[in-house]
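An overview of the molecular structure
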Amino acid sequence: MGRRGKNKGRPVSGWLVLDKPWDLGSTEAVSKIKWLFKADKAGHAGTLDPLASGMLPIALGDATKTVPYVMDGRKVYEFTVAWGQERNTDDLEGTVTRASDTRPDRAAIEAILPSYTGVIEQVPPAFSAVKIAGERAYDMARDGEVVEIPPREVTIHRITLLGCPDADHAVFEVECGKGTYVRALARDFGRELGCFGHVSGLRRTMVAPFSEDAMVPLADLIALEQIEDEAERLAALDAFLVPAGEALGMLPRIDVSEDQAHRIRMGNPIILRGRDAPVATDDACAFVRGALLAIGEVAEGEFRPRRVFKA
């Protein structure tokens, strides 16, 4: 008897800007969305810790080809630092490693923030996905190994102290670039202020180019499971998707004709004409009838496709 082929799901494409609930891992969230949408492929742009909530952009189908561009986008977090304890995970999950009765006042906190703005060097937390000699740092840390991660450059565009609800806590908003660890900021703030600290609350409100008002609560999607007709249910879910092309607003855009689109679909370059044609660039995107068709490079007066979409 022949083996039955695995159901690969439907070729739905687009971005779902999920408002990830607290206490749900990013991988679990992606699996849930892939199952709800019956999608053939899914991926996300930037992991959120299980104890963090907020924006987790999830790409479905062909949109997964645009994940690297969203990964590079700016991110905004609102986070609370609890003073008085440093923990081995730099958040509520970990065990206390150092403690202090000292508490900083608002002026002391604001005084250190300029030194954390711009391009800075940051040591990622021991419990992080950073690889050391091929192993994840968190796996080594869980095994009791001493984890030494070299500092790396990250970009902090701005940090704002939003408030101090009590002597033990301070609330911040940070806009940062790829690779920044908010938990490391809390750890370093606490060390510099001489009081120690860890993240006790974390919410991501933006992953460029997606804004906070685009977020969809998981509960709203799960509620649609009550629709018995599958076609109707999937159509209701698909209404929440953002077209893949909206993830590429940072790239030069080329609008092409149907004839040009046919050549691109075959993997062939097209000649660019007109003074509005982009100059040489490693990354540009082509659209046909308003839909994303391809990502490629512009060189020697041609658009040369690298990744083609089902436009």
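Now for a description of the structure that goes with this document. (Residues numbered from 1 in each chain as written. Predicted model: local features only at pLDDT ≥ 70, side-chain atom pairs only at ≥ 80, totals over all residues. Heavy atoms only, no water.)

Digging into the state of the cysteines
Tallying each qualifying case throughout the model produces zero disulfides. Among the cysteines around Cys164, which has no disulfide bond, Cys195 carries the closest sulfur, lying 11 Å off. (Disulfide = S-S within 2.5 Å.)

What about unusual backbone geometry?
In this structure, Pro209 follows Ala208 across a cis peptide bond, with omega equal to 15 degrees. Considering the arrangement of structural elements, one finds Pro209 in the loop between strand E12 (197–207) and strand E13 (216–217). Phi at Asp23 takes a positive value of approximately 70 degrees, unusual for a residue other than glycine. Among the structural elements, Asp23 can be located in the loop between strand E1 (14–20) and helix H1 (26–37). In the Ramachandran plot, Arg289 falls in the positive-phi region, its phi being about 50 degrees despite a non-glycine side chain. Within the element layout of this structure, Arg289 appears in the loop between strand E16 (281–288) and strand E17 (291–299). Judged by relative accessible area, which is 59%, Arg289 ranks as exposed. (Helix = DSSP H or I, 4+ residues; strand = E, 2+ residues; numbered from the N terminus. Buried < 20%, exposed > 50% of the residue type's maximum accessible area, 1.4 Å probe, protein only.)

Here we look at helix H5 (residues 182–193)
With 12 residues, H5 ought to run about 16 Å at 1.5 Å a step, and its terminal C-alpha atoms sit 17 Å apart, in line with that. Where burial is concerned, most of H5 is hidden: 10 out of the 12 residues are buried. Taken together, the buried positions of H5 are Val182, Arg183, Ala184, Leu185, Ala186, Arg187, Asp188, Phe189, Gly190 and Leu193. Of the residues trailing H5, Gly194 is marked for its positive phi of about 75 degrees. (Expected span 1.5 Å × (residues − 1).)

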